[in-house]
Amino acid sequence: MTRTISNSIAGILQELELERPLLLTSEHLYNLKRKYHIASSVEVIAARLKEKGWLISTDRQGVWEFVPAEAAGTYSTNDPLLAFRAFHVKYPAVKCALTLHTAAWVYGDSDRAPSTVHVSVEDYKHTRPLKGHVAVSVFRPKLMTQLISNVPILARESIIVQMSVKPSSVHYWASVAEWLPNFCSELSYDKVSEELLDRPIYASQRLGYLIQGTRPDIADELRKGIKPISNAWFGDRKRSFRYDKRFMVADSLLPFDPKELGKNK
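Since this is a predicted model, take the numbers as computed values, not measurements.

So, how was this worked out
Residues numbered from 1 in each chain as written. Predicted model: local features only at pLDDT ≥ 70, side-chain atom pairs only at ≥ 80, totals over all residues. Heavy atoms only, no water. Helix = DSSP H or I, 4+ residues; strand = E, 2+ residues; numbered from the N terminus. Contact = heavy atoms within 4.5 Å. Areas by Shrake-Rupley, 256 points an atom, 1.4 Å probe, with all protein chains shown as cover. Lys, Arg positive; Asp, Glu negative; His and termini not counted. Charge placed at Lys NZ, Arg CZ, Asp CG, Glu CD. Salt bridge = Lys/Arg side-chain N within 4 Å of Asp/Glu carboxyl O. Buried < 20%, exposed > 50% of the residue type's maximum accessible area, 1.4 Å probe, protein only. Pairing = 2+ DSSP bridges. Axes fitted to C-alpha atoms, helices over the stretch in contact; angles between N-to-C directions. 1 Å grid on protein atoms, 1.4 Å probe; cavity = no way out; pocket = protein on both sides within 12 Å on 5 of 7 lines; lining within 4 Å. Points joined across faces, edges and corners; volume = space filled by probe spheres on them. Arc of directions from axis to C-beta. Parallel < 35°, antiparallel > 145°, perpendicular 65-115°, else oblique. Left-handed = near helix turned anticlockwise from the far one by under 90°. Nonpolar A, V, L, I, M, F, W, Y, C, P; charged D, E, K, R; others polar.

Chemist: Honestly, the overall build of the protein in this entry has me stumped. Any pointers?
Modeler: Looking only at helices and strands, one finds eleven helices and eleven strands in the protein. C-alpha atoms of the protein, sized along the principal axes, occupy 75 × 35 × 30 Å. Across the protein, the fraction of contacts at a sequence separation of at least 24, relative to all contacts at a separation of at least 6, is 58%. Total accessible area computed for the protein in this model is approximately 13,700 Å², and 49% of it derives from carbon and sulfur atoms. Here the protein contributes 36 positively and 29 negatively charged side chains, and the mean placements of these two sets differ by 5 Å.

Chemist: Just to check I follow, could you spell out the pattern of salt bridges for this structure?
Modeler: It is possible for side chains bearing opposite charge to pair when their charged atoms get close. Here the structure, examined in full by the defined rule, presents eleven salt bridges. A salt bridge links Arg-85 to Asp-79; the nearest nitrogen and oxygen atoms lie 2.6 Å apart. A relative accessible area of 18% places Asp-79 in the buried class. Put simply, Arg-112 and Glu-178 hold a salt bridge, and the shortest N to O gap is 3.1 Å. Residue Arg-112 is located in the loop between α5 (100–107) and β5 (118–121), and its partner Glu-178 is located in helix α8 (residues 173–184); the two are separated by 66 residues in the primary sequence.

Chemist: Whenever I open this one, the sheet that holds strand β10 (residues 242–244) confuses me. Can you help?
Modeler: For sheets, the rule is that strands pair by backbone hydrogen bonds, running either parallel or antiparallel. If you trace the three strands from one edge of the open sheet to the other, you get β9-β11-β10, paired in mixed fashion. Among the strands making up the open sheet, the edge pair consists of β9 (232–234) and β10. Put simply, the sheet's adjacent strands are angled 20° from each other on average, direction ignored.

Chemist: Mind showing me how you'd approach the layout of surface pockets here?
Modeler: Over the atoms rolls a probe the size of a water molecule, and its path tells where empty space is left. Taken as a whole, the largest pocket holds about 230 Å³ of empty space. Around the largest pocket sit Pro-21, Leu-22, Leu-23, Thr-25, His-28, Arg-85, His-88, Val-89, Ser-149, Asn-150 and Val-151, which together line it. The set of elements that each furnish at least two residues to the lining of the largest pocket consists of β1 (23–25) and α4 (82–90). Per-element tally for the lining of the largest pocket: the top contributor is α4, with three residues.

Chemist: Sorry, what's going on with helix α9 (residues 189–196) here?
Modeler: Every α-helical turn comprises 3.6 residues, leaving residues that sit three or four positions apart pointing alike. Among the residues making up α9, those that are buried are Val-192, Glu-195 and Leu-196. Looking straight down α9, one finds its buried side chains confined to an arc of 95°; they lie on one side. One or two positions beyond α9, positive phi appears at Asp-198, with a value near 70°.

Chemist: Just checking my understanding: could you explain the pairing of β5 for this structure?
Modeler: Two faces make up the sheet, and in a regular strand the side chains alternate between them. Side chains of β5 alternate between two faces, with His-118 and Ser-120 and Val-119 and Val-121 buried alike. Relative to β5, strand β4 (residues 96–98) is paired through three bridges, and the arrangement is antiparallel. What sits directly across from Leu-98, in β5, is Val-119. Examined bridge by bridge, β5 and strand β6 (residues 135–138) share four bridges and lie parallel to one another. Directly across from His-118, in β6, lies its bridge partner Ala-135.

Chemist: What is the right way to look at the packing of α5 against helix α7 (residues 156–165) in this model?
Modeler: Think of two packed helices as two axes; the pair is described by the angle between the axes and how far apart they sit. α7 packs onto α5 with a crossing angle of 155° between their chain directions and a minimal axis gap of 11 Å. With respect to α7, the axis of α5 lies roughly antiparallel. The chirality of how α5 crosses α7 is left-handed. Counting all contacts with α5, which are made through Leu-100, Ala-103 and Tyr-107, the residues of α7 involved are Arg-156, Ile-159, Gln-162 and Met-163. By residue class, the composition of the contact of α5 with α7 is five nonpolar, one polar and one charged.

Chemist: Sorry if this is basic, but what is going on with the environment of Ile-159 here?
Modeler: Its location among the elements puts Ile-159 in helix α7. Separated by 142 residues in sequence, Ile-159 and Glu-17 have C-alpha atoms that sit 37 Å apart. Ignoring sequence-local partners within four residues, the contact set of Ile-159 consists of Thr-99, Leu-100, Ala-103, Tyr-107, Leu-154 and Phe-183.

Chemist: When you look at unusual backbone geometry in this model, what are you seeing that I'm missing?
Modeler: Note: most peptide bonds trans; most residues except glycine with negative phi. A positive phi angle is found at Leu-100, which is not glycine, with a value near 55°. Considering the arrangement of structural elements, one finds Leu-100 in helix α5. Looking at Leu-100, the relative accessible area reads 1%, which means it is buried. A positive phi angle is found at Asn-150, which is not glycine, with a value near 65°. Note on placement: Asn-150 falls in the loop between β7 (146–148) and β8 (151–153). Taking the relative accessible area as the measure of exposure, Asn-150 reaches 64% and is therefore exposed.

Here is the structure:
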């Protein structure tokens, strides 16, 4: 497929080919329009680039996927994170980050690309514009987020604490068993402690219970530092099918025994 463009916006296209942005925003396009003294509106320029196959619309208004020349046609990268990238590039000030299964994939602990992208936001009001595009949960980390492939991602320690504070944020616990051993191998006790600071004691109980097979060293340290006075439920408060005396955790949720996860590693 031959893609052409008019001379009037050739400068914009040339610069985009040099920059190679995965996503192009209306703000970025406006700056390029001014730089090359183009009278046409951003909407007209975007429409021309789309018509010729240089841009693909995303689910976020004012954000497009850029298709470089070597793609030889209007072919998307099919990046699983594209919907989140589009949101993040349009609202860079919103405190949000990849988490859970999606984060495990980005970190390289899971070989399975996410069918659903999991995103954590710090403020509940930001869940609405993301719903329908990704799975959203609310969590305020104490640790700094990481930046990998130009997207923010929660620190491993923040993610494991999120799973312990709110187990319901994990949609498919069965798949967690596949990546949790590799994921936990990189945990830092100091960072885990920092993330748990000032959180309810049941978070430490659940966390120790969850990682006792994959990181018994951290679980031991957690147990030394807490004095449980009541049971912590892992799942709904109904009859549990597993009870851990050491951490006083009643488990009615996990489809696996955390003690067994580290044995085959």
